[in-house]
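Per-entry structural report
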Amino acid sequence: MAGRSSIEWTEATWNPTTGCDRVASGCDNCYALTLAKRLKAMGAEKYQNDGDPRTSGPGFDVTIHPQALDIPRKWKSPRLVFVNSMSDLFHARVPKDFITQVFTVMAETPQHTYQILTKRSLRLARLADQLPWPPNVWMGVSVESADVLERVDHLRRVPAAVRFLSCEPLLGPLAELDLAAIDWVIAGGESGHEHRPMQVEWVRQIRDVCQQTSTAFFFKQWGGRTPKANGRLLDGRTWDEKPEIPLLAER
């Protein structure tokens with residue numbers, strides 16, 4: 001899975017690792033787990049290792065792909081790149097040395113801007129001072145419900161140029177959300193056959209906190225049977241705000 005992406009808040013995906021394990025309620029209807037099962041059946045080489053059926057699934061065992069490290073070097077034009085759309089770079093079974101290699105590639109390809117998203121925020125915080133943090137790396141954590149708000153505190157300890165939250169799938173209100181030192185928030189509802197509904201008040205609450213703190217706000221979708229089933233308008237408009245990407249000359 002590399003190249004152009006249909007995800008609204010990025011342009012491309014790059015998966016130097018694949019596979020993951022469920023760790024929170026936000027993982028219950030994981031799109032990547034479902035997609036991995038389909039890719040395995042299609043014979044995709046990167047998705048032939050099966051994960052533990054209690055927490056993972058067919059084709060979704062955590063697997064590193066050293067051969068994928070050079071992919072961004074081959075992209076000539078600058079891209080906004082979502083790193084590991086099919087995995088979690090800070091999963092306990094991804095070796096620190098391999099994480100460092102991924103960061104080295106990002107540092108050596110400053111024409112691109114990289115977005116990393118994790119639910120393993122504690123490991124992220126513990127490794128942060130052992131990794132290079134070039135200005136083209138954005139670091140984010142998933143915050144799907146109030147019981148995982150500690151991930152935001154972990155993220156604040158990371159010296160990334162841009163820190164962001166992905167509140168998707170948003171499963172409840174985030175009344176105590178603190179956006180100090182956070183640059184961007186993405187919010188969205190769950191999609192799929194077993195999607196859990198999202199309340200408009202939950203989204204408005206996040207949007208309003210972003211406006212009060214001058215934090216960029218991106219509303220991805222309402223969710224439903226399909227990602228686009230109910231559109232992405234909030235109070236009659238789209239919300240496509242993003243942090244500014246520095247010019248190459250400034251990096």
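Quick summary incoming for the structure in this document. Note that the structure is predicted; figures quoted are calculated from it, not measured. (Residues numbered from 1 in each chain as written. Predicted model: local features only at pLDDT ≥ 70, side-chain atom pairs only at ≥ 80, totals over all residues. Heavy atoms only, no water.)

Attention shifts here to the packing of aromatic side chains. Taken as a whole and judged by the stated rule, the model has 10 aromatic pairs. Centroid distance Phe219 to Trp222: 4.8 Å. Interplanar angle 70 degrees. Geometry classified as edge-to-face. In this pair, the class of Phe219 matches that of Trp222, namely buried. The ring of Trp239 carries the charged tip of Arg237 above its face, separated from the ring centre by 3.6 Å. (Phe/Tyr/Trp six-rings, centres within 6.5 Å; stacked < 30°, edge-to-face > 60°. Buried < 20%, exposed > 50% of the residue type's maximum accessible area, 1.4 Å probe, protein only. Lys NZ or Arg CZ within 6 Å of the ring centre and 35° of its normal.)

Where a strand is regular, its side chains alternate between the two sheet faces. Residues Leu80 and Phe82 point to one face of strand 5 (residues 80-83) and Val81 and Val83 to the other, with burial holding for every one of them. Taken together, the 3 bridges between strand 2 (residues 12-14) and strand 5 define a ladder with parallel strand orientation. Of the residues in strand 5, the one forming a bridge with Trp14 is Val83. Sheet analysis places strand 5 next to strand 6 (residues 113-118), joined by 4 bridges and oriented parallel. Among the inter-strand pairings, Phe82 is bridged to a residue of strand 6, identified as Gln115. (Helix = DSSP H or I, 4+ residues; strand = E, 2+ residues; numbered from the N terminus. Pairing = 2+ DSSP bridges.)

Attention now moves to helix 2 (residues 96-107). In an α-helix, one turn spans 3.6 residues; hence positions three or four apart end up facing the same way. When the terminal C-alpha atoms of helix 2 are compared, their 16 Å separation across 12 residues agrees well with the 16 Å that a helix rising 1.5 Å per residue should span. Taken together, the buried positions of helix 2 are occupied by Phe98, Ile99, Val102, Phe103, Val105 and Met106. Seen from one end, helix 2 has its buried residues packed into an arc of 155 degrees, which puts them on one side. (Expected span 1.5 Å × (residues − 1). Arc of directions from axis to C-beta.)

Moving on to the pairing of strand 6. Most of strand 6 is tucked away, with 6 of its 6 residues classed as buried. The alternating pattern of strand 6 places Thr113, Gln115 and Leu117 and Tyr114, Ile116 and Thr118 on opposite faces, both of which are buried. What joins strand 5 to strand 6 is helix 2, and the crossover it makes is right-handed. Across 5 bridges, the pairing between strand 6 and strand 7 (residues 137-142) is parallel. Bridging from a neighbouring strand, Thr118 pairs with Val141 of strand 7. Each parallel crossover has a hand, and the one from strand 6 via helix 3 (residues 121-127) to strand 7 is right-handed. (Right-handed = clockwise from strand over helix to strand, strands pointing away.)

Counted under the stated rule, the structure contains 18 salt bridges. For the salt bridge of Arg73 with Asp70, the shortest nitrogen-to-oxygen distance reads 2.8 Å. Given the relative accessible area of 34%, Arg73 is considered partly exposed. The class of Asp70 is partly exposed, set by a relative accessible area of 40%. Across the salt bridge formed by Glu190 and Arg196, the nearest N and O atoms sit 2.8 Å from each other. Judged by its relative accessible area of 4%, Glu190 is buried. (Salt bridge = Lys/Arg side-chain N within 4 Å of Asp/Glu carboxyl O.)

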